[in-house]
Every structure is written in structure tokens, then in C-alpha cells.
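Report on the structure
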Amino acid sequence: MSVLRRNGLGLMAWLAGIVFFLPIAWMALTSLHSEQDAATNPPSFSAALTLDGYREFFGSGGGASPWPSLVNSTVASLASTLLVLVLALPAAYALSVRPVRRWTDVLFFFLSTKMLPVVAGLLPVYLFARDTGLLDNIWLLVVLYTSMNLPIAVWMMQSFLSEVPPAVIEAARVDGARLPTVLTRVVAPIALPGIAATALICFIFSWNELLFARVLTGVVAGTAPVFLTGFITSQGLFLAKVCAASLVVSLPVLAAGFAAQDKLVQGLSLGAVK
């Protein structure tokens, strides 16, 4: 590859990164303006900066506290992600390292469950939750998020686990290792980048989910996205406050992506995007 072409690709990568970063930078800048300055069109870059939007978001103005919603989102996202990993690892092992007959049809069946529009299953789930007394229950969201993310997790991890050398697994079996030991001490460490990438994607999907959380929760189990919808009122849209709230709610996802960026790159290059 020539130097000119390499520099051109590097420049394109930087431009793409800047384009994707601009909305976040714009949101952060707007969140530091007063409501009057944030509502100007075009926006004023020289306007005075203030933290009033963040103070109001955290309830200093007498509004609702965001902490219960943030805790609910954290519990639902982390618990469902852990359950997905516990269930997806042996399933992916059976479909890659120890493949069953017509395993490609099994994978297609898993993926086909994602083709059903979420709204199509909303009414049956709501009726089930109402009749069983599970409305406004955070653990119902954990079960739903687990079932929603499990197919894509199995699909991804099957590709990751297919890269594990069979000789290593056979050596562990010769040494007397049983299946749980093989999964936790042999397969999981080798496929750790892929597992981390799968966990991050499942966490993001769970954290951002709104439809089920909006319909099935209320006061007790409302999540952060549901809390954000409360800023759109009949009195209007308070742009600075919404941007401040959106930035705070986005921070856990951004922090998780930044902390796992090396594992994410390794995992995606391991086979998930083949």
C-alpha cells in the first residue's frame, strides 16, 4: 500500500470519527447553555456556560430524582447481560466446537426470532404481565431483555468459539476436564475478546430499550430512557435540560465502550463480522 493511499485512508477515518463525534459534542455544548441560549436559531457559540441543566436534571429544582431510573437501568442491563452470557456460551459451544446436525438451520432459527417486530409481541407480554402481577417489576425487564438479546449473542459467540483450536479442547478432555471446566477455564479465556464484544452489545441494547420499559413499567421500575421521555411535556421541550439528561444517561454506555474498546476491536475482528 502506497504512502499516499495510506494517508488518504487515515484522513477518511479521522473525518468519519469527527462526523460521528459532532452530535455528542453539540449535545454537550447545548447542555451547558441556558434554555434561552439553547433555543436560539442558529445557536450562539459565544453564549455564557452554565450547569443549570444538570442541576435541574438531578432534582435541585424540585423535580423528580433520576437516581431510581438510573439504578433500574443498571440492574436490568447488567443482570440480563450476565444471564445472556451464561446461556449463550454453552449454546454457542454446542453449535461450533461440538456442532449438532444442521447447525446452520439452528442459527437461522435463532436469528429469525429477531425478525418479529417488537410491537407485535407487546400486547401478549403486557397481558401476561398484568395477569401475573409483574407490571412495574424490574425482573420482568431482565427476563425480556435476556430473551431479546440471546439470539444475537448465540449467533455472535458461535462465530467467536469456532476460532478456538480443537486441539486445546481435546487436550483438556484427555486431562479429565468436564464440560463446565472446559467452558470456564479453556474456552472462555481464549474467546474473551469475543465474549466482551457480545456483552457490550447486549448491554447497549438493554440500556437503550424503550418500548417495553415504557409500557410495562411505571413508578417503581421505570428505566432511564423512560425517565427521559418525561422531559417532553405540554409546556414545551426544554432543550438544554434534555441535552444534559441525555448526556448523563449516555455516559454509562460511552464509558463501557471506552473501557472495552480493545476487547471490542479484537472480538469483532475475531469473526463476528465475517
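In this text the structure is predicted, and so the values were computed from the model without any measurement.

Now for helix α7 (residues 138-161). Because the α-helix completes a turn every 3.6 residues, residues three or four places apart line up on one side. Over its 24 residues, α7 runs 32 Å from end to end, which matches the ideal 34 Å to within 8%, given 1.5 Å per residue. Bending of α7 peaks at approximately 40 degrees at the position of L150, with proline P151 no more than four residues after it. For α7, the N-terminal cap is N137; the gap from its side-chain oxygen to the backbone nitrogen of W139 is 2.8 Å.

Let us now look at the packing of helix α10 (residues 192-208) against helix α13 (residues 239-259). At a closest axis distance of 10 Å, the pairing of α10 and α13 adopts a crossing angle of 175 degrees. As summarised for this structure, α10 and α13 are arranged roughly antiparallel, according to the angle between their axes. Seen from α10, the contacting residues are L200, F203, I204 and W207; seen from α13, they are V249, P252, V253, A256 and G257. In terms of residue class, the contact of α10 with α13 is built from 8 nonpolar, 1 polar and no charged.

Our focus in this paragraph is the packing of aromatic side chains. Under the criterion given, the structure shown has 4 aromatic pairs. Aromatic pair F57 and F58: ring centres 4.9 Å apart, planes at 75 degrees, arrangement edge-to-face. On the accessibility criterion, F58 (34% relative accessible area) is partly exposed. Chaining the aromatic ring pairs together yields one cluster made of F57, F58, W67 and F227.

Parameters and conventions
- Residues numbered from 1 in each chain as written.
- Predicted model: local features only at pLDDT ≥ 70, side-chain atom pairs only at ≥ 80, totals over all residues.
- Heavy atoms only, no water.
- Helix = DSSP H or I, 4+ residues; strand = E, 2+ residues; numbered from the N terminus.
- Expected span 1.5 Å × (residues − 1).
- Bend = angle between axes of the 7 residues up to and from the residue.
- Polar contact = N/O pair within 3.5 Å; in protein donor to acceptor, adjacent residues only side chain to side chain.
- Axes fitted to C-alpha atoms, helices over the stretch in contact; angles between N-to-C directions.
- Parallel < 35°, antiparallel > 145°, perpendicular 65-115°, else oblique.
- Contact = heavy atoms within 4.5 Å.
- Nonpolar A, V, L, I, M, F, W, Y, C, P; charged D, E, K, R; others polar.
- Phe/Tyr/Trp six-rings, centres within 6.5 Å; stacked < 30°, edge-to-face > 60°.
- Buried < 20%, exposed > 50% of the residue type's maximum accessible area, 1.4 Å probe, protein only.

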